[in-house]
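Reading the structure
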Amino acid sequence: MGEERRVLTGEHFLTGDHACAEGGMAAGCMFFGGYPITPSTEIAERMSLRLPEVGGIFIQMEDEMASMNSILGAAWGGWKSMTCTSGPGFSLMMENLGLGIVLETPTVLVNIQRGGPSTGLPTLSGQADMMQAKWGSHGDYEIIALAPNSPQEIFDHTIKAFNLAEQYRTPVLVMSDESVGHMTEKVIIPPREELKLVPRNYTKKKPGEYLPFECGEDEIPEMVKAGDGYKIHITGLTHDKRGYPDISAEAQDWMVRHLMNKIQKNKKKIIEVERINMDDAEVVVVSYGISSRVAHRGMDLARKTGVKVGMLRLITVWPFPDYMIKELAERVKAFVTVELNFGQIALEVERYVAGKAKCYLVPHAGGDVHKPEDIAEAIKEAAK
Amino acid sequence: MKGATTPSRKEVRFTGYGGQGMVVMGLILGRAAAVHDGKSATMTQSYGPEARGGASSTQCIISPSRIFYPYVIEPDVLVGMSQEGYDKHRLNIKPDGKLLYDEDLVTLSPEEKTKNIHSIPATRFAEELGRKIVANIVMLGFFCGLTDFVAEEAIRKAIEESVPKPTITLNIKAFDKGKSYALSLLEGSAAKAKS
């Protein structure tokens, strides 16, 4: 067996978790280092079967901290890499997610969110890690996070995550949830030649000329890999363009600004949303992941009673589409945010609406999804 | 085969106990609809330690268009393969919904609300075929004979893709058994209506 087993072209009936693993395979992932945790385990399990078929490596690490580090190492070794986790495992990965960000390492971390805090609800759904995705590792940084709402999308978005990771030389998060991870639907895997994959942007500079954190206007540095003769140094310490530690306010200002700008300057290229029924909308539902599908029914129920309601479905949650919310706030009456938490993305919506429209939240502690009727009621209330 | 039968969203709940293959039933029906019958299908299942040995339930939504809300609201069909599963879910069925159950494993509640009731000794038939484990496929054949949600050919293909290769013949026999039992019941009631 070999590369011909990499892309399982065809129509499948797959769980979200398995579709995610196939997305990783199709994207060219060669290394998975992980620690199994419900409800993400089936991704790891499938990768443990699939990667050896193409000559890749699956390692069950001793814990999530080591898992996260292993995928960073694999990326610097020249392979595309990923891991998956959930709940407490996501917390444990936070420290080295920060290392991945500061080393500007292309890799993919999938979180199949479950109910928390702590051990919480291992087998049941939640979306309460959305702010942790943004702020969970210490220090200031920007991150890219996607929120698929079906097995097909988690397949597509895992590929997209790999592409964004290469394009912006950064770890990318796939923030799915138990509901999508454990749902089974049709997944179309296209022929290999139709997949659009972004290859690693290896430098053309010679050893000695290359600096691992040097970049142009677009703020995106080029990559090298171990063994190609480039003698480089990379560190979690604040560093200069050479990657050497520079413990000064000036170096900190340059490095952190660069990490922020890399994502913020490019956000219009990164951000993807789906607009549904937005032409005449006076009320806008903002939702993502499984909640967006439940909210879709809530929206349909409210539409039947005559409310002009549409939906801005966030496909990219981070960077947040602030400019879209600002623009909508000028012309709509109200926003209704639907998420399986007590108001995380709702806070982002509120801060960019900035008092120009009413803001509502339909909260949920997790463990189940919203009742579509409750969402419809909130929409009707918002439309008053 | 594409585009046949179903005019709108249909919801099915399979309920039994862990080990009876409720999840496989949902998987086969969903795969048949989504991959072989040009429809959308969403399958979800009870999951976790509470599902092992105890009640196991699978939900399958089938629709000619994109499915947004992925869970059963009120099932059009409830399939009962265990008393516990039937008791737990019987009140949730649509007023005119169909109830299909294994008559050796489930005793109907005296307050059963739907009138659209069909029973089969699925497990006994499976034992007669040589393996109790195909009771779920006997029931799926019964389901296929009594509904038109998914084309029969599509279900047959999905069975072949979903069961272990050496058991395909046995499973197809089990499917045929359930389906012909459904047809004999339908003929019986048609004859009764005439006389």
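In this text the structure is predicted, and so the values were computed from the model without any measurement. (Residues numbered from 1 in each chain as written. Chains lettered and ligands numbered in written order. Predicted model: local features only at pLDDT ≥ 70, side-chain atom pairs only at ≥ 80, totals over all residues. Heavy atoms only, no water.)

Looking at the domain arrangement of chain A
Residue and element names in this part refer to chain A. Entries for chain A in the domain assignment read domain 1 (3–194) and domain 2 (275–383). A C-alpha centroid distance of 27 Å is found between domain 1 and domain 2. For the pair domain 1 and domain 2, the summed buried surface comes to about 2000 Å²; carbon and sulfur atoms form 56% of the total. Sorting the residues of domain 1 by area buried against domain 2 places Gln127, Met131 and Asn149 first, and these three jointly supply 32% of that buried surface. Between domain 1 and domain 2 we count two salt bridges in total. Of the charged contacts, one joins Glu153 and Arg313 as a salt bridge, the two residues approaching to 2.5 Å between their closest N and O atoms. Where domain 1 meets domain 2, there are 17 residue pairs in polar contact (both at pLDDT 80 or more). Contributing elements (two or more residues each) for the side of domain 1 that touches domain 2: strand S6 (121–125), helix H5 (130–135), strand S7 (144–146), helix H6 (151–168) and helix H7 (178–181). At four residues, the largest contribution of residues to the side of domain 1 that touches domain 2 is made by H5. Classifying every residue of the side of domain 1 that touches domain 2 by side-chain character gives 14 nonpolar, seven polar and five charged. (Domains from an automatic or database assignment. Buried area = accessible area lost by both parts, 1.4 Å probe. Salt bridge = Lys/Arg side-chain N within 4 Å of Asp/Glu carboxyl O. Polar contact = N/O pair within 3.5 Å; in protein donor to acceptor, adjacent residues only side chain to side chain. Helix = DSSP H or I, 4+ residues; strand = E, 2+ residues; numbered from the N terminus. Nonpolar A, V, L, I, M, F, W, Y, C, P; charged D, E, K, R; others polar.)

Considerations on the confidence of the model for chain B
Taken as a whole, chain B shows an average pLDDT of 92; of its residues, 92% reach a score of 70 or greater. For this predicted complex, the interface score ipTM comes out at 0.93, while the overall pTM is 0.96. (pLDDT = per-residue confidence, 0-100.)

Side note on the pairing of strand S4 (residues 80–85) of chain A
All names here are of chain A. Extensive coverage of S4 is indicated by the burial of six of its six residues. Burial of the side chains of S4 extends over both faces: Lys80, Met82 and Cys84 are buried on one face and Ser81, Thr83 and Thr85 on the other. As defined by bridge partners, strand S2 (residues 29–34) adjoins S4 across three bridges and the pair is classed as parallel. Bridge pairing in S4 links Phe31 to Ser81. (Buried < 20%, exposed > 50% of the residue type's maximum accessible area, 1.4 Å probe, protein only. Pairing = 2+ DSSP bridges.)

Comments concerning helix H12 (residues 345–353) of chain A
Residues and elements named next belong to chain A. For H12, the complete set of buried residues consists of Ile345, Ala346, Glu348, Val349, Tyr352 and Val353. The buried residues of H12 occupy an angular sector of 160 degrees when projected down its axis, which confines them to one face. Following H12 by one or two positions, Ala354 has its phi on the positive side, about 50 degrees. (Arc of directions from axis to C-beta.)

Quick look at the sheet that holds strand S4 (residues 77–80) of chain B
The eight strands are arranged S1(A)-S9(A)-S2(B)-S3(B)-S1(B)-S4(B)-S5(B)-S6(B) in an open sheet whose pairing can be described as mixed. Two strands lie at the open edges of the sheet, namely strand S1 (10–15) of chain A together with strand S6 (116–120) of chain B, each paired on one side alone. The average angle at which neighbouring strand axes cross in this sheet is 20 degrees, direction not considered. Looking at chain direction, strand S1 (residues 10–17) of chain B and S4 of chain B are connected through four bridges and run parallel. Bridge assignment links Val12 of chain B to a residue of S4 of chain B, and that residue is Val77 of chain B. Running at roughly 10 degrees to strand S3 (residues 55–63) of chain B, helix H1 (residues 22–36) of chain B makes contact with S1 and strand S9 (184–189) of chain A together with S1, strand S2 (40–45), S3 and S4 of chain B of the sheet. (Axes fitted to C-alpha atoms, helices over the stretch in contact; angles between N-to-C directions. Contact = heavy atoms within 4.5 Å.)

Section: the nonpolar core
All names here are of chain A. One finds Leu173, Leu314, Trp318, Ile325, Phe335 and Ile345 to be the most contacted residues of the largest nonpolar core, which totals 53 residues. Ranked by residues supplied to this core, first place goes to helix H4 (residues 88–102) with six residues. Looking at this core, you find at least three residues from each of domain 1 (3–194) and domain 2 (275–383). Discounting residues that sit within four places of it in the chain, Ile345 has contacts with Met130, Tyr288, Leu314, Val317, Trp318, Phe320, Thr337 and Glu339. (Core = buried A, V, L, I, M, F, W, Y, C linked by side-chain atoms within 4.5 Å.)

Here's the deal with the interface of chain B and chain A
Taken together, the 21 residues of chain B in the interface contact 22 residues of chain A. Our count for the chain B to chain A interface comes out at one salt bridge. Taking the shortest distance from any N to any O, the salt bridge between Arg66 of chain B and Glu274 of chain A comes out at 3.7 Å. Across the chain B-chain A interface, the total number found is five residue pairs in polar contact (both at pLDDT 80 or more). Broken down by secondary-structure element, the contributors of at least two residues to the side of chain B that touches chain A are H1 and S2 of chain B. With six residues, the single largest contributor to the side of chain B that touches chain A is H1 of chain B.

Quick notes on the environment of Lys39 of chain B
Residue and element names in this part refer to chain B. The residue Lys39 is located in the loop between H1 and S2 in this model. Relative accessible area serves as the criterion here: at 5%, Lys39 is assigned to the buried category. For the pair Lys39 and Asn116, spaced 77 residues apart in sequence, the C-alpha separation works out to 25 Å. A distance of 2.5 Å separates the side chain of Lys39 from the side chain of Asp37, its partner in a polar contact.

Notes on the packing of aromatic side chains
Applying the stated rule across the entire model yields nine aromatic pairs over all chains. On the numbers, 5.8 Å between centres and 20 degrees between planes, the contact of Phe320 of chain A with Tyr352 of chain A is stacked. Of this pair, Phe320 of chain A sits in the loop between strand S13 (316–318) and helix H11 (322–329) while Tyr352 of chain A sits in helix H12; the two residues are 32 residues apart in sequence, bridging distant segments of the chain. For Tyr352 of chain A, a relative accessible area of 18% puts it in the buried group. Aromatic side chains Tyr69 of chain B and Tyr71 of chain B sit 5.8 Å apart centroid to centroid with 80 degrees between the ring planes, which places their arrangement in the edge-to-face category. (Phe/Tyr/Trp six-rings, centres within 6.5 Å; stacked < 30°, edge-to-face > 60°.)

Some words on the side chain of His258 of chain A
Mapped onto the secondary structure, His258 of chain A falls in helix H8 (residues 249–264). Not counting the four nearest positions on each side in its chain, His258 of chain A is found in contact with Glu104, Cys215, Glu219 and Pro221 of chain A.

Overview of the pattern of salt bridges
Overall, the coordinates contain 34 salt bridges over all chains when judged by the stated rule. A salt bridge links Lys160 of chain A to Glu272 of chain A, with the shortest nitrogen-to-oxygen separation between them at 2.7 Å. Within this pair, whereas Lys160 of chain A is found in helix H6, its partner Glu272 of chain A is found in the loop between helix H9 (267–270) and strand S10 (273–276), the two being separated by 112 residues in sequence. A salt bridge links Lys179 of chain B to Glu152 of chain B, with the shortest nitrogen-to-oxygen separation between them at 2.6 Å. Here the residue Lys179 of chain B occupies a position in helix H6 (residues 168–194), and Glu152 of chain B occupies one in helix H5 (residues 152–162), the gap between them amounting to 27 residues. On the basis of relative accessibility, which here comes to 24%, the residue Glu152 of chain B falls in the partly exposed class. Where salt bridges share partners, they join Arg5, Glu22, Arg46, Arg50 and Glu53 of chain A into one cluster.

With respect to the sheet that holds strand S14 (residues 334–338) of chain A
Residues and elements named next belong to chain A. Taken in spatial order, the five strands make up an open sheet running S10-S12-S11-S14-S15, and their pairing is mixed. The open sheet has two edge strands, S10 and strand S15 (358–362), and neither has a second partner. The sheet shows a mean angle of 20 degrees between the axes of neighbouring strands, taken without regard to direction. Along the sheet, helix H13 (residues 372–383) contacts strand S11 (283–287), strand S12 (309–314), S14 and S15; its crossing angle with S15, the most-contacted strand, is approximately 170 degrees.

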